[in-house]
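# Commentary on secondary and tertiary structure
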Amino acid sequence: MLVKVETVDPASDLVSLANGGRFKTILADPPWRFQNSTGKVAPEHKRLNRYSTMSLAEIKALPVTMVADDTAHLYLWVPNALLPDGLAVLQAWGFQYKSNVIWHKIRKDGGSDGRGVGFYFRNVTEILLFGVRGKNARTLAPGRSQVNMMQTRKREHSRKPDEQYGLIESCSPGPYLEMFGRGLRKGWTTWGNQADEAYQPTWNTYANHSQVGKNEPLGDQLLLPVIRHPR
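Here goes a summary of the coordinates provided. (Residues numbered from 1 in each chain as written. Predicted model: local features only at pLDDT ≥ 70, side-chain atom pairs only at ≥ 80, totals over all residues. Heavy atoms only, no water.)

### Considerations on the environment of Asp113
Of note, Asp113 is situated in the loop between β3 (96–105) and β4 (125–133). The class of Asp113 is buried, set by a relative accessible area of 3%. As for Asp113 and Thr125, which are separated by 12 residues in sequence, their C-alpha atoms are 9.2 Å apart. Setting aside chain neighbours within four positions, we find Asp113 in contact with Lys105, Ile106, Arg107, Asn123, Val124 and Lys154. (Helix = DSSP H or I, 4+ residues; strand = E, 2+ residues; numbered from the N terminus. Buried < 20%, exposed > 50% of the residue type's maximum accessible area, 1.4 Å probe, protein only. Contact = heavy atoms within 4.5 Å.)

As structure tokens, this is what we get:
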């Protein structure tokens, strides 16, 4: 199922996609809107704004509580500068913050990739907030030994590493929902205006790309079809 959030109301569309079902694990990478002290889009990010963004209020208003299971995990990407906003969204969606996973962006030689933006420091990390709701919401057994860091190379602007999926699938139960996903992935329901098996970035990107998954070949844009979990 392909969902184009720019042509319909996002809130009702998300509920429609769930079709009465609930997801035990949700991964979200919202299109955060950077603003400066005047309330305008920050100049240093105008050149990076290659897709529609959402205000904090719009992100918080998404009815995630209606599609999340009574006991569920949430993985929420947030830029370093917007950490307070990320925590506010996590709470608005009905989850309690518990921990985080840090993505360290590295070069081919393993050193920090300093091509990121930043007003105070050159950002080489991003934060994946982890929250829970309901009773007995601990991670699965592999999570007890999983370190809270991923070290991988960049892909196109704002796209997160594919290594996140293996980490999440080993530590959290399905059914899985990815919000604001790019392309489709086997075993996940994907929602967003780039949830398309034919997704390709429309701008120049980095030559390297993350591993798609265990025992799967590397590829510039290897995108897998979505498969619904039974509900």
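After that view of the structure, there is still more to cover.
### Here's the deal with the pattern of salt bridges
With the rule as written, the count across this model stands at five salt bridges. A network of salt bridges, in which partner residues are shared, links Asp29, Lys105, Glu126 and Lys160. (Salt bridge = Lys/Arg side-chain N within 4 Å of Asp/Glu carboxyl O.)

### Structural notes on the packing of aromatic side chains
Taken as a whole and judged by the stated rule, the model has five aromatic pairs. Both rings, one in Tyr176 and one in Trp188, keep their centres 4.8 Å apart while their planes meet at 25°; by these two values the pair is stacked. Taken together, the positions of Tyr176 in strand β6 (residues 176–179) and Trp188 in strand β7 (residues 188–191) put the pair 12 residues apart, joining distant regions of the chain. Geometrically, the ring pair formed by Phe180 and Trp191 is edge-to-face, given 5.3 Å between the ring centres and 70° between the ring planes. You can see Phe180 sitting in the loop between β6 and β7 and its partner Trp191 sitting in strand β7, a full 11 residues away along the chain. (Phe/Tyr/Trp six-rings, centres within 6.5 Å; stacked < 30°, edge-to-face > 60°.)

### Some words on the pairing of strand β1 (residues 23–28)
Of all six residues making up β1, five are buried, and the element is well covered by its neighbours. In terms of strand pairing, β1 meets strand β2 (residues 68–78) through five bridges, oriented parallel. Counted as the bridge partner of Leu27 is Tyr75 from β2. Relative to β6, β1 runs parallel, the two being bridged by four bridges. Its bridge partner lying in β6, Thr25 is registered against Tyr176. (Pairing = 2+ DSSP bridges.)

### Digging into the sheet that holds strand β5 (residues 149–152)
Strand pairing in a sheet is mediated by backbone hydrogen bonds. Such pairs are either parallel or antiparallel. Spatially, the seven strands line up as an open sheet ordered β5-β3-β4-β2-β1-β6-β7, and their pairing is mixed. In this open sheet, the two edge strands, each paired with only one partner strand, are β5 and β7. Pairwise comparison of adjacent strand axes, ignoring direction, gives a mean angle of 20° for this sheet. Strands β1, β2, β3, β5, β6 and β7 of the sheet are contacted by helix α5 (residues 163–171), whose axis makes an angle of about 155° with β2. (Axes fitted to C-alpha atoms, helices over the stretch in contact; angles between N-to-C directions.)

### A few points about unusual backbone geometry
Omega for the bond connecting Gly174 with Pro175 falls within 30 degrees of zero, at 5°, which places this linkage in the cis form. Inspection of the secondary structure assignment puts Pro175 in the loop between α5 and β6. One non-glycine residue, Asn136, lies in the positive phi region at around 50°. Despite not being glycine, Phe180 has its phi angle at roughly 65°, a positive value. Residue classification places Phe180 among the buried positions, given a relative accessible area of 14%.

Purely spatial values, then, with no claim about function.
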